[in-house]
Every structure is written in C-alpha cells, then in structure tokens.
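One letter stands for each residue in the lines below.
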Amino acid sequence: MDYFLSEEQQMIVDVAAQIADEKIMPVRAELDEKHEFPRAILEEMAQADLFGIPIPEEYGGFGGSTFEITIALEQIGRACIGVGTAFAANFLGAYPIIIGGSEELKQKYLPSIAAGKKYAAFGLTEANAGSDASGIQTTAVLDGDEWVINGTKQWITNGGEADIYTVIAMTDKKKGARGASMFVLEKGDPGFSFGPKEKKMGIRASSTTELIFKDCRIPKDRIIGRQGTGFITVMKTLDSSRPGIAALGVGLAQGALDEAVKYAKQRVQFGKPIISYQAVQHMLADMAIGVESARALLYQCARYIAANPKDMSKASSMCKVYATDVAMKVATDAVQVLGGYGYMSEYPVEKMMRDAKILQIYEGTNQIQRNVIGQELNREYSR
Amino acid sequence: MKIIVCVKQVPDAKDVKLDPKTNTLSREGVESIMNPFDQHALEEAVRIKEAQGGEVTVITMGPPQAEAVLRDAVACGADNAVLISDRAFAGSDTWATSYTLGRAVKKLGEFDLVLCGKQAIDGDTAQVGPGLATRLGIPFVTCVQKIRETDGNTVIVERMMDDGYDVVKASLPLLLTVVKDINEPRVPSLKGKMKAKKANITMLSAADLEAEATCIGLPGSPTQVVNVFPPEPRGNKEIFTGSVDEQVDKLVAKLTPYL
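Remember, predicted model here, so these are calculated numbers, not experimental data. (Residues numbered from 1 in each chain as written. Chains lettered and ligands numbered in written order. Predicted model: local features only at pLDDT ≥ 70, side-chain atom pairs only at ≥ 80, totals over all residues. Heavy atoms only, no water.)

**So, the interface of chain B and chain A**
Across the boundary between the two partners, chain B contributes twelve residues, which contact 17 residues of chain A. Interface of chain B and chain A: buried area, both sides summed, is about 1,300 Å²; carbon and sulfur atoms make up 66% of it. On the chain B side of the interface with chain A, the three residues burying the most area are Val187, Leu190 and Met194 of chain B, jointly 49% of the side's total. The interface formed by chain B and chain A contains two salt bridges. Across the pair lysine 197 of chain B and glutamate 7 of chain A runs a salt bridge, and its minimum N-O distance is 3.7 Å. Counting the contacts that link chain B with chain A gives seven residue pairs in polar contact (both at pLDDT 80 or more). (Contact = heavy atoms within 4.5 Å. Buried area = accessible area lost by both parts, 1.4 Å probe. Salt bridge = Lys/Arg side-chain N within 4 Å of Asp/Glu carboxyl O. Polar contact = N/O pair within 3.5 Å; in protein donor to acceptor, adjacent residues only side chain to side chain.)

**Description of the nonpolar core**
Side chains of a nonpolar character, in soluble globular proteins, are inclined to be buried together. If you look at the biggest cluster of nonpolar residues, it comprises 98 residues, and the most contacted ones within it are Met45, Leu50 and Leu185 of chain A. Residues in contact with leucine 185 of chain A, not counting those within four places in the same chain, are Ile149, Asp163, Ile164, Tyr165, Val167, Phe192, Phe213, Cys216, Ile218 and Arg222 of chain A. Grouped together as the second largest cluster of nonpolar side chains are 39 residues, Ala41, Ala66, Val155 and Ala199 of chain B included. (Core = buried A, V, L, I, M, F, W, Y, C linked by side-chain atoms within 4.5 Å. Buried < 20%, exposed > 50% of the residue type's maximum accessible area, 1.4 Å probe, protein only.)

**Some remarks on the sheet that holds strand S7 (residues 80-84) of chain B**
Residues and elements named next belong to chain B. Taken in spatial order, the nine strands line up as S11-S10-S9-S12-S8-S1-S6-S7-S13 in an open sheet, and their pairing is mixed. Each edge of the open sheet carries a strand with a single partner, namely strand S11 (164-171) and strand S13 (201-204). Strand-to-strand, the axes of this sheet are offset by a mean angle of 35 degrees, without reference to chain direction. When strand S9 (residues 140-150) meets strand S12 (residues 174-178), the two strands line up parallel, connected through three bridges. By the bridge assignment for S12, valine 144 is matched with valine 178. Helix H3 (residues 94-108) rests against strand S1 (2-6), strand S6 (55-61), S7 and S13 of the sheet, and its axis sits at about 145 degrees to S6. Lying on the sheet, helix H4 (residues 128-136) is in contact with S1, strand S8 (113-117), S9 and S12; it crosses S12 at an angle near 180 degrees. (Pairing = 2+ DSSP bridges. Helix = DSSP H or I, 4+ residues; strand = E, 2+ residues; numbered from the N terminus. Axes fitted to C-alpha atoms, helices over the stretch in contact; angles between N-to-C directions.)

**Considerations on the environment of tyrosine 59 of chain A**
Residues and elements named next belong to chain A. For tyrosine 59, the location among the structural elements is in the loop between helix H3 (39-47) and helix H4 (66-79). Overall, tyrosine 59 belongs to the buried group, its relative accessible area being 6%. For the pair tyrosine 59 and lysine 34, spaced 25 residues apart in the sequence, the C-alpha separation amounts to 35 Å. In contact with tyrosine 59, not counting residues within four places along its chain, are Glu103, Lys106, Gln107, Leu110, Pro111 and Ala114.

**What about unusual backbone geometry?**
Following leucine 172 of chain B, the chain continues to proline 173 of chain B via a peptide bond in cis, the omega torsion being -5 degrees. Its place among the elements puts proline 173 of chain B in the loop between S11 and S12. Positive phi, close to 50 degrees, is recorded for phenylalanine 270 of chain A, a residue that is not glycine. Positionally, phenylalanine 270 of chain A belongs in the loop between strand S9 (268-269) and strand S10 (272-273).

**Thoughts on the packing of helix H5 (residues 81-100) of chain A against helix H7 (residues 230-266) of chain A**
Residue and element names in this part refer to chain A. Taken N-terminus to C-terminus, the directions of H5 and H7 make an angle of 160 degrees; their axes are 9 Å apart at the nearest point. In terms of their interaxial angle, H5 and H7 are classed as roughly antiparallel. In this structure, the crossing between H5 and H7 has a hand that is right-handed. Residues Ile81, Gly84, Thr85, Leu92, Tyr95, Pro96 and Ile99 of H5 lie in contact with H7, whose contacting residues are Thr233, Lys236, Thr237, Leu238, Ser240, Ser241, Leu248 and Leu252. Residues of the contact of H5 with H7, tallied by class, amount to eight nonpolar, six polar and one charged. (Parallel < 35°, antiparallel > 145°, perpendicular 65-115°, else oblique. Left-handed = near helix turned anticlockwise from the far one by under 90°. Nonpolar A, V, L, I, M, F, W, Y, C, P; charged D, E, K, R; others polar.)

**So, the pairing of strand S5 (residues 180-186) of chain A**
All names here are of chain A. The buried fraction of S5 is high, at six of seven residues. Inspection of the sheet shows strand S4 (residues 164-170) paired to S5 by seven bridges, in the antiparallel sense. Of the residues in S5, the one forming a bridge with isoleucine 168 is methionine 182. Of the strand pairs in this sheet, S5 and strand S8 (residues 223-224) are connected by two bridges, and their pairing is antiparallel. Within S8, the position partnered with methionine 182 by the bridge is isoleucine 224.

**A word on the pattern of salt bridges**
Residue and element names in this part refer to chain A. Applying the stated criterion to the full structure yields 34 salt bridges over all chains. The shortest N-O distance in the salt bridge between aspartate 21 and arginine 78 comes to 3.1 Å. Here aspartate 21, found in helix H1 (residues 7-24), pairs with arginine 78, found in helix H4; they are 57 residues apart in sequence, far enough to count as distant. Aspartate 21 gets classed as partly exposed once you look at its relative accessible area, which sits at 37%. We classify arginine 78 as buried; its relative accessible area is 14%. As a salt-bridge pair, arginine 39 and glutamate 161 come within 2.9 Å of each other at their nearest N and O atoms. Taken as a pair, arginine 39 in helix H3 and glutamate 161 in the loop between strand S3 (146-157) and S4 lie far apart in primary sequence, 122 residues in all. The class for glutamate 161 is buried, based on a relative accessible area of 19%.

**Re the side chain of glutamine 9 of chain B**
Residue and element names in this part refer to chain B. Its place among the elements puts glutamine 9 in strand S2 (residues 9-11). Among the polar contacts listed, one links the side chain of glutamine 9 to the backbone oxygen of glutamine 65, at a separation of 3.5 Å. Residues contacting glutamine 9, with those up to four places away along its chain left out, are Ser32, Ile33, Thr60, Gln65, Ala66, Ala68, Val69 and Asp122.

This is the structure in structure tokens:
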C-alpha cells in the first residue's frame, strides 16, 4: 500500500531497506547465535547518516520527527529487531538530552550521537522499579561541584557498548516522583561499571547489562534540566520513543509475513503448493491484515506525535500495544505456516518469534500501555 | 588525486531471463542496476579520495536513462557525473565503446587514475577497461584485489591470479580494473542521496567528443554476433544419494580408478 511518503521520507526508507537487506539479513542468524553486538552494521548505518534522523539540525542531525525515525526502524526491524533495538536505544538515550538538556549538554553530546560516533543508552529500570517507576532506589547527592551517584540499573540496552548514558536517580526521596532527576553519565566516569551481559531469549544482537554506580562522581552540570524534572523527562522520552518499538513490531511482522508467503508458495504437499489450500491462505490473509492495520495506525500515531499534541501518550501507547501484539501473533503464525521447518533455526521465523516477545514487554509492558489508554479515556469522558 | 570511474548500467542478474526464441537477454521489466564490479571500483575511488583528498568523476555511456546509475554513484560519494549519450553510439561493441570512452576521458582533462570493474555482468567481455587504457596510451593492471600504496606518482597493487596474486608496481596515470574482493561497497547515505537528487549531470554527445563517425556505434564495431546459444550440458552426470558418509564412499570409489 502507498502511504504517500515525501521524497525525503522515501530516501530514508530506501537507505534503511538497503542496509536491512544487504547488511543485516545475511548475518542476523549468526549475530543471534553468538549474542554478538552488531558494531560493524551500526557503523554502516552511521555512514549512511541514519543516526542523525531524529537529532535536531543545529546539532548535526536531520531534524526528523518521530515519523521519520519510525519508517527507518520499520525497515531495520524487518531484518532483525536485535540490531533494531541496539540502534533505537541510541535515541532513547538521546531524547532526554533533546527534551530537557541544557544547551551545553546538547552541544557536547548530540553531534557525536547524530554522527554515530558515540552510542547512547537510557537507564530507568531497576530490580524493584519496572512498571512501577516510583520504586527507583538509585540516588544522586550533590557534594560541592559534583553529584555522587549510587545504585544499580537493570536490563539496560547498549549497556557496556554505549559511551553516553542518560540515567534517572532520586535527588529527593521525600518528594516521590517530583524528587527524581536525570543525569548524563559517561562510560569511564569514576565509580561507574557494568554487570555481565545478560543471556536473553531473543534480540541477542543487542547488549543488555546492569549499570553499577558506586560513589560515582560526575560534574554538577551533567544534570538534565532542573532538579526534580526527571520523571517528566522520562515520560516525554517514552512518548516519543514508543512508536519506534511499534515500528520494530511492524517491521518484524512484515518480515515474518514475507517468509511465510515465500515458503507457502514453494512448499508442495498433496501435489500442490500449500498456498493453494484455504487453511493456509486464511492464515496468511489474517497476518497481512494485521501487518497493514498496525502500519496504518503506527504511521498515523507517529505523524500525530510529531505535531507534539497534549494527549500524545494515548496515541503512543495505542500504536505500541497494537503493533507489538500483531508482531507476536504474526511471528507465531509464520512458524505455524512453515511447520517443522519453521521451528528449526535454519529458517528465520523461529528467531522472529523469540525476538517478538520482548516487544510486548520493554518500554512499558502492553498491560501498562492499556492502563495509560484506559486512564486517558477516563479523563476524556470526565470533562 | 583525480580519479575517473567508468560505470555501466546493466540488467539486474537476479531477474535476467533468456528469450527462448532468440536466445538473447530479455530486458523487458527487468530492473537496471550499476554493474556490481563497477560498484567496487567506485567504492575504491571514494576511499582513496577520503584518505588522500582529490576528486572522483564517474562516467557512463548509455541511453538517457543510464543517468540513474550516475546519480547512484553521486549518492555513494562521486563528485562529478558525466553521461555520454547519443543515438550515434547505439550498437557499439567493446572496440567502439573503448574509443568513445577514450575521447570522453581525454576531453575531461588531466587525471591520475582510471578505475573500472573487471567486467560487466551483461556482456562479460572484460575488454573495455584494457581497451580504454590502450586508447589513452596509459598502462593498465586488470583484476586488482588490493591497492597497497599510492603516493601520487606510483601505485603498488595486488593482481588476483588463479594461484594467488602478483604484486605490481606501476606509474601514474594508470588504469586499473578491480575484482569484488577489493572492498565492500557502502550503502548510499541520506546526505549523498539528497546531493544526488540535485547533482548536475554533464552530457556529452558524439559532436561534443568530436568522434569520427566511422569509429562509433554500429559502423565502428567490428564485432559480429553470429549466434547466441546456451552451452551444451556437460557430459554424463551422476547424483549420489544416501548419508554424507555413504556419498563420500561412493565418490571415492568412483575416483579411485583415475588416481
């Protein structure tokens, strides 16, 4: 279907698609098997200017909106959401600086992220703070001209690989949500170390580690925005980034559909290709309906969010939930269409099914997203 | 360093079909791409430019729609693009093409290096690179797999051979044809694509080249294609079945009498 992209948007799609097809697809199974961080591919993406898409022009980026990064992530996700996650995490790490950072922080960090010379990551989750972000126990205490940070962040994408980390910590526990602040941490800051790389069910090309802060001292001016604005920055960051996760979902679902149709056309049983049987056709039709409806919703939400409306959370949550649920369903059905072959690692769909699961969990579980949508509905109908 | 890269627009080999009646390539509905070997030549030129400075000019000879490969080349880092196009060039064989490209390169002025793909995947002759060097009166090295050193006066390259490679030192100006092992071509960048959209393409006609009418197009092409046919299937064949070990045993049994 034609979504009437502008010429520049079509260029983004073409470049991302070429990287997906030529650079990622041939190596995705190997990266998955070896749990290998895709540095060479990310370098290729940097060379092709993809890191600059959502970074403002004055800091060396293209100044694209949520929509422009969405269409790029969809293409990368079609090949491998492990690579897609490692790529997308850079923007999750950069958004807090774009949204709330001082001019000095923006000048210092954004150009190198836009050029793909330095990778970024985002540190929110802790052992006791997942869906309930108010359980954050990491603290930051001002001591003279330095913040002293203590605590441990868990399951941080690009952990150990990134150079720049935007991290939330409590600066005043008594104030609850209003007592949290965000900071920029650099790999190499004294007292900042990493846990071992986690072993995961899927998205194995991405690196996931703990961030460990033991009396980690950083300059005073590394705080993002004013003290106490951490949660607002996190919420705004996630509103902007969730369509990216939806995009990985649409891409993964498209990739799974592509594999299923290709296989169904060439697999012969009872003397005919299995695509000629209605049982298979109907499965493929439902998969295609899912992919196209998820894409339509995603594109509309991403365009809406790009206009920076007040109720962007609902749109952001809706596309995230729908596209990632579709991704899980379509990947599972793709394995079913391929039957026994689909279950084997020689074919890409078993990896897609393993990978898809995380989409329903990270950047806010789909249950939490439904809470957001439900609460927003409650508010809308109370006016 | 001033580098000229010769590229050709060819049908994408993934889609190529033979017309069963004429045994010629059926180009209808087939996507056109930059000849894959030429992509490696372009990548090498851009890498030399990035490392040492200079300018990369990409030239192609073909119909007006061949402009697409020139824009692709600009998107991948070429600075200038030249399209040599004229109805009078139609039907050129490798002899006439070498002559025409030679006229064009001379018209472009001073250069240090000409890079070509080893061959085009449609004609597969591998003659135009050496032919062009001969027309220009400069030395050439074919099947280059690596450029070891360039200092502006000489280059040291590795020429791929069946049993390894030769190391060749040659003086500039020089023409090299390259094999795919030389590098991994980049994906075009967004900035490159935007630049390519706006790029000026220099057009050169037969008149611009002051080409002699008897040397170009069909009249300038001594090659005659008498017949095109698929090769005869080779000899008797036998396909082994069974487990890998069984198949290996059968193969060894078959080969042993010849030892």
